[in-house]
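Structure assessment
The primary structure of each chain is shown beneath.
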Protein chains: 2
Amino acid sequence: MRILYHLPLSPYCRKVRLALGEKRLQFELIHERVWDRRAEFEAINPACTVPVLQEETGLAIVDSSAICEYLDEAYPDVSLFGPTLAERAEVRRLVAWFDHKFGMEVTANLYGEKQLKRLLGHGHADGAVLRAGYANLKPHLEYLGWLAESRAWLAGANLSLADFAAAAHISTLDFMGEIDWTRHPAVKDWYARLKSRPAFRPLLQDKVSGLAAAPHYHDLDF
Amino acid sequence: MRILYHLPLSPYCRKVRLALGEKRLQFELIHERVWDRRAEFEAINPACTVPVLQEETGLAIVDSSAICEYLDEAYPDVSLFGPTLAERAEVRRLVAWFDHKFGMEVTANLYGEKQLKRLLGHGHADGAVLRAGYANLKPHLEYLGWLAESRAWLAGANLSLADFAAAAHISTLDFMGEIDWTRHPAVKDWYARLKSRPAFRPLLQDKVSGLAAAPHYHDLDF
């Protein structure tokens, strides 16, 4: 069986899980506590990060972007990037936007500071970092809302990896109860459409030890 | 003419310049002072980052990974990633290693702290950040040396984007005089082979106002 080494709330792992699910590829999840630096895992990925995808042949693919590019080349039936060069460029621009810009300005400051820091034993959350995360979240949700309102899907006419990357980050923050859905109706409508897809269901069932999901996290009607 | 909006010492821009050069694609460089947040540039790239590639058709591709994937799809004659799925996965793993891990642990702490901070008017370099950069540089050069010694090129038998990504970061640090070449002979041998390629020459001629290159930076025999 294909294996995905992951952490349940990592948005990069969640993006890959959505991509695998949309492509209807079966996989087994292994919860990899990267901070334990397990020797067998470091032999596969010296950077000791998740996600890592391992095929039944043994081929291991490291890094969420490398995995998504691999999946689209190896299993092209359901495209993650769209058919034209222009669409593919826009999908990859938005994936970079959410994975790097949103990731650094919002997710690292909220999920990283509140959850990862605790898991890694790095002490209490720093109030200034959290404030920066909340301050950055607002304009990011406005940009996401603008994309959701002006296009069928985030990158244009087609559902794509841009939607999965964005939904992965939003879902991690929503698990933590960080999104005020009353203020962002266009984002809510777009997220509800993604949440109701079969590929999304396993994410809604994630259990994280020592951490309860926000009450509305599982609901398709939130 | 095709345009690349860039900053001369940005390793992400340098990676794209090497990829364009190896594919023998002509382009004009525009020095984009991103901190000025020029409105015409923000209209092309709301993240206001370089590199951005603009084709003669007007199509703009934002983000260095998106640009390299685009170039390989649009101009497949000289492959940046190699022929097999396994080789492509290894190239992309190493590109992510240098762009993100080396980039955050070394380049951001040295180039970011010494040069970008000054350009952005964010004050003096923080000694603790520089010390972290130097401490991280050593094991990174050892890993790079191990790759260079055990393989023809960094990702395996073929020259690839992994070499360009790594050489881009190394060249920025070498411009600043941060690499002690006497200590890393395998890295030096690999870097000398890259430095002598025609695609590399324009990088060796870069002028940066207010900043002199290390004396050996231009030399093919360093």
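The following refers to the structure shown. (Residues numbered from 1 in each chain as written. Chains lettered and ligands numbered in written order. Predicted model: local features only at pLDDT ≥ 70, side-chain atom pairs only at ≥ 80, totals over all residues. Heavy atoms only, no water.)

The next point concerns the overall build of chain A. Across its full length, chain A carries eight helices and four strands. Secondary structure elements in chain A, listed N-terminal to C-terminal, are β-α-β-α-β-β-α-α-α-α-α-α. Split into buried and exposed, the 222 residues of chain A put 54% on the buried side. For chain A, the exposed area adds up to about 9600 Å²; of that, 54% sits on carbon and sulfur atoms. Charge-centre separation for chain A: the mean point of 26 positive side chains lies 3 Å from the mean point of 29 negative side chains. (Helix = DSSP H or I, 4+ residues; strand = E, 2+ residues; numbered from the N terminus. Buried < 20%, exposed > 50% of the residue type's maximum accessible area, 1.4 Å probe, protein only. Areas by Shrake-Rupley, 256 points an atom, 1.4 Å probe, with all protein chains shown as cover. Lys, Arg positive; Asp, Glu negative; His and termini not counted. Charge placed at Lys NZ, Arg CZ, Asp CG, Glu CD.)

All names here are of chain B. Taken in spatial order, the four strands make up an open sheet running β2-β1-β3-β4, and their pairing is mixed. The open sheet has two free edges, formed respectively by β2 (28-31) and β4 (60-62), since each of these has just one partner strand. This sheet shows a mean twist of 20 degrees between the axes of neighbouring strands, independent of strand direction. With three bridges joining them, strand β1 (residues 3-6) and strand β3 (residues 52-54) adopt antiparallel strand pairing. In the sheet register, L4 faces β3, and the bridge partner there is L53. Strand contacts of helix α1 (residues 11-22): β1, β2 and β3, with the helix running at about 160 degrees to β1, the strand carrying the most contacts. (Pairing = 2+ DSSP bridges. Axes fitted to C-alpha atoms, helices over the stretch in contact; angles between N-to-C directions. Contact = heavy atoms within 4.5 Å.)

So, on to α1(B). Residues and elements named next belong to chain B. Taking 1.5 Å per residue as the helical rise, α1 with its twelve residues ought to reach 16 Å, and the 16 Å between its terminal C-alpha atoms agrees with that figure. Buried residues of α1: P11, C13, R14, K15, V16, R17, L18, A19, L20 and E22, and no others. Of the residues trailing α1, R24 is marked for its positive phi of about 55 degrees. (Expected span 1.5 Å × (residues − 1).)

Here four bridges tie β1(B) to β2(B), and the two strands are oriented parallel to one another. If you follow Y5(B) over to β2(B), its bridge partner there is I30(B).

The next thing to look at is the pattern of salt bridges. Inspection of every chain in the model, using the stated rule, returns 42 salt bridges over all chains. A salt bridge links K138(A) to E142(A); the shortest N-O distance between them is 3.3 Å. Highlighted residues: K138(A) and E142(A), both in helix α5 (residues 127-150), separated by four residues, approximately one helical turn. Given a relative accessible area of 42%, E142(A) falls into the partly exposed group. Of the charged contacts in the structure, one is a salt bridge between R183(B) and D180(B), with a shortest N-O distance of 3.2 Å. Relative accessible area serves as the criterion here: at 62%, R183(B) is assigned to the exposed category. Given a relative accessible area of 36%, D180(B) falls into the partly exposed group. Among the charged side chains, a salt-bridge network with shared partners connects E69(A), R88(A), R92(A) and E73(B). (Salt bridge = Lys/Arg side-chain N within 4 Å of Asp/Glu carboxyl O.)

A few words now on the relation of the copies chain B and chain A. With an RMSD of 0.0 Å, chain B superimposes on chain A once it is rotated by 180 degrees and translated 0.0 Å along the axis. The transformation just described matches what one would write down for a two-fold rotation axis. (Least-squares fit on C-alpha atoms with pLDDT ≥ 70 in both.)

Residues and elements named next belong to chain A. Here we have four strands laid out as an open sheet, ordered β2-β1-β3-β4, and mixed in their pairing. At either margin of the open sheet sits one strand with a lone partner, and together these are β2 (28-31) and β4 (60-62). This sheet shows a mean twist of 20 degrees between the axes of neighbouring strands, independent of strand direction. Helix-sheet contacts for helix α1 (residues 11-22) involve β1 (3-6), β2 and β3 (52-54), and the interaxial angle to β1 is about 160 degrees.

One way to put it is that helix α4 (residues 85-119) of chain A packs onto helix α3 (residues 64-74) of chain B with a least axis distance of 9 Å and a crossing angle of 160 degrees. Classified by the interaxial angle, the pair formed by α4(A) and α3(B) is roughly antiparallel. Classified by chirality, the crossing of α3(B) by α4(A) is right-handed. Between α4(A) and α3(B), the residues in contact are L85(A), R88(A), R92(A) and R93(A) and A66(B), E69(B), Y70(B), E73(B) and A74(B), respectively. (Parallel < 35°, antiparallel > 145°, perpendicular 65-115°, else oblique. Left-handed = near helix turned anticlockwise from the far one by under 90°.)

Bringing the packing of aromatic side chains into the picture now. All names here are of chain A. For the structure shown, the criterion picks out 22 aromatic pairs over all chains. Both rings, one in F175 and one in Y217, keep their centres 4.9 Å apart while their planes meet at 70 degrees; by these two values the pair is edge-to-face. One end of the pair, F175, is in helix α6 (residues 161-175); the other, Y217, is in the segment after α8 (201-204), and 42 residues separate them in sequence. We note that F175, like Y217, is buried. Between W181 and F222, the ring centres sit 5.1 Å apart and the planes meet at 70 degrees, which makes this aromatic pair edge-to-face. Of this pair, W181 sits in the loop between α6 and α7 (185-195) while F222 sits in the segment after α8, placing them 41 residues apart in sequence. There is no split in this pair, since W181 and F222 are both buried. Of the aromatic side chains, those joined through ring pairs into one cluster are W181, W190, Y191, F200 and F222. Above the face of the W153 ring, R193 is positioned so that its terminal group lies 4.3 Å from the ring centre. (Phe/Tyr/Trp six-rings, centres within 6.5 Å; stacked < 30°, edge-to-face > 60°. Lys NZ or Arg CZ within 6 Å of the ring centre and 35° of its normal.)

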